[in-house]
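Examination of the molecular architecture
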Amino acid sequence: MYERKTIPNLNCGLDLIGEVLYGKWKIRLLWFINEGFQRPSELQRKIPDASRRVLNIQLKELEEHELVSKVIYPVVPPKVEYSLTDFGKTLIPVIAVIGNWGDVHEERLRTLILKRL
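Source: prediction; values computed, not measured. (Residues numbered from 1 in each chain as written. Predicted model: local features only at pLDDT ≥ 70, side-chain atom pairs only at ≥ 80, totals over all residues. Heavy atoms only, no water.)

Remarks on the overall build of the chain
Within the chain one finds seven helices and two strands. When the helices and strands of the chain are placed in sequence order, the string is α-α-α-α-β-β-α-α-α. Overall size of the chain, expressed as C-alpha extent along the three principal axes, is 50 × 35 × 30 Å. Buried residues in the chain amount to 24% of all 117 residues. Sequence separation of at least 24 residues holds for 45% of the intrachain contacts in the chain that already meet a minimum separation of 6. Summed over all atoms, the accessible surface of the chain reaches about 9,000 Å², with 58% contributed by carbon and sulfur. (Helix = DSSP H or I, 4+ residues; strand = E, 2+ residues; numbered from the N terminus. Buried < 20%, exposed > 50% of the residue type's maximum accessible area, 1.4 Å probe, protein only. Contact = heavy atoms within 4.5 Å. Areas by Shrake-Rupley, 256 points an atom, 1.4 Å probe, with all protein chains shown as cover.)

Some words on the UniProt feature "domain: HTH hxlR-type" (unreviewed entry) in the chain
If you check UniProt for "domain: HTH hxlR-type" (unreviewed entry), the listed places come out as residues 12-110 in our numbering. Between the first and last C-alpha atoms of residues 12-110 the distance is 30 Å; the span itself is 61% helix and 12% strand. (UniProt positions renumbered as here; feature names shortened; annotations may be inferred.)

Focus on the pairing of strand 1 (residues 68-73)
Working note: regular strand, side chains alternate between the two faces of the sheet. Pairing of strand 1 with strand 2 (residues 79-84) involves six bridges; the strand directions are antiparallel. Following the sheet pairing, K70 is matched in strand 2 by Y82. Counting the residues between successive antiparallel strands, the hairpin from strand 1 to strand 2 contains five residues. (Pairing = 2+ DSSP bridges.)

Some points on helix 4 (residues 52-64)
For helix 4, which comprises 13 residues, the first-to-last C-alpha distance of 18 Å matches the rise-based estimate of 18 Å (1.5 Å per residue) to within 8%. Looking one or two residues beyond helix 4, the residue adopting positive phi is E66, at roughly 60°. (Expected span 1.5 Å × (residues − 1).)

Considering the nonpolar core
Of all hydrophobic cores here, the largest spans 21 residues; its most connected members are L29, L30, I33, I47, L67 and V68. Mapped onto this core, the elements with two or more residues apiece are helix 1 (13-21), helix 2 (26-34), helix 4, strand 2 and helix 6 (92-104). No other element matches helix 2, which puts four residues into this core. Each residue touching I47, except ones within four places of it in the same chain, is listed here: W25, R28, L29, F32 and L55. (Core = buried A, V, L, I, M, F, W, Y, C linked by side-chain atoms within 4.5 Å.)

Concerning unusual backbone geometry
A cis amide bond links V76 with the next residue in sequence, P77, at an omega value of -5°. Backbone geometry at E66 places phi at a positive 60°, although glycine is not the residue there. Among the secondary structure elements, E66 is positioned in the loop between helix 4 and strand 1. The exposure class assigned to E66 is exposed, which follows from its relative accessible area of 55%.

A few points about a nonpolar patch on the surface
Taken together, the side chains of V71, Y73 and V75 make up a nonpolar region of the molecular surface, amounting to roughly 230 Å² of accessible area. Looking at the secondary structure, you find V75 in the loop between strand 1 and strand 2. Using a relative accessible area of 43% as the deciding quantity, one classes V75 as partly exposed. (Patch = residues over 30% accessible without salt bridge, like charges linked within 9 Å, V, L, I, M, F, W, Y side chains within 5 Å. Salt bridge = Lys/Arg side-chain N within 4 Å of Asp/Glu carboxyl O.)

So, the packing of aromatic side chains
According to the stated counting rule, one finds one aromatic pair in the structure shown. Taking the centre distance of 6.2 Å and the plane angle of 90° together, the rings of F32 and F37 count as edge-to-face. A cation sits over an aromatic face here: K79 above Y73, 5.2 Å from the ring centre. (Phe/Tyr/Trp six-rings, centres within 6.5 Å; stacked < 30°, edge-to-face > 60°. Lys NZ or Arg CZ within 6 Å of the ring centre and 35° of its normal.)

So this is what it looks like as structure tokens:
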């Protein structure tokens, strides 16, 4: 597993939020968990481009940052569910604002992104 070699710069809020939310799927995971998709298989269906391994890694990181909690039920096969912590719920309005900004500028952003490809 990857082991960080440098100490992160944590001098301001942007550094801190970047450290917590860095990862291609983390914002979507938080959003979909908030929307009620709690099982790993449900999250995988909502984000089909992400591998199960990457989703598990990012869910574990979100759990370590106390944004989500994980419950493992003692049944066979094991049942796992994720939910947002109170701390994680504080990010939902921020994610909603970012998503709305993307919706407002959707055409321009899509053109710029496709131009780079």
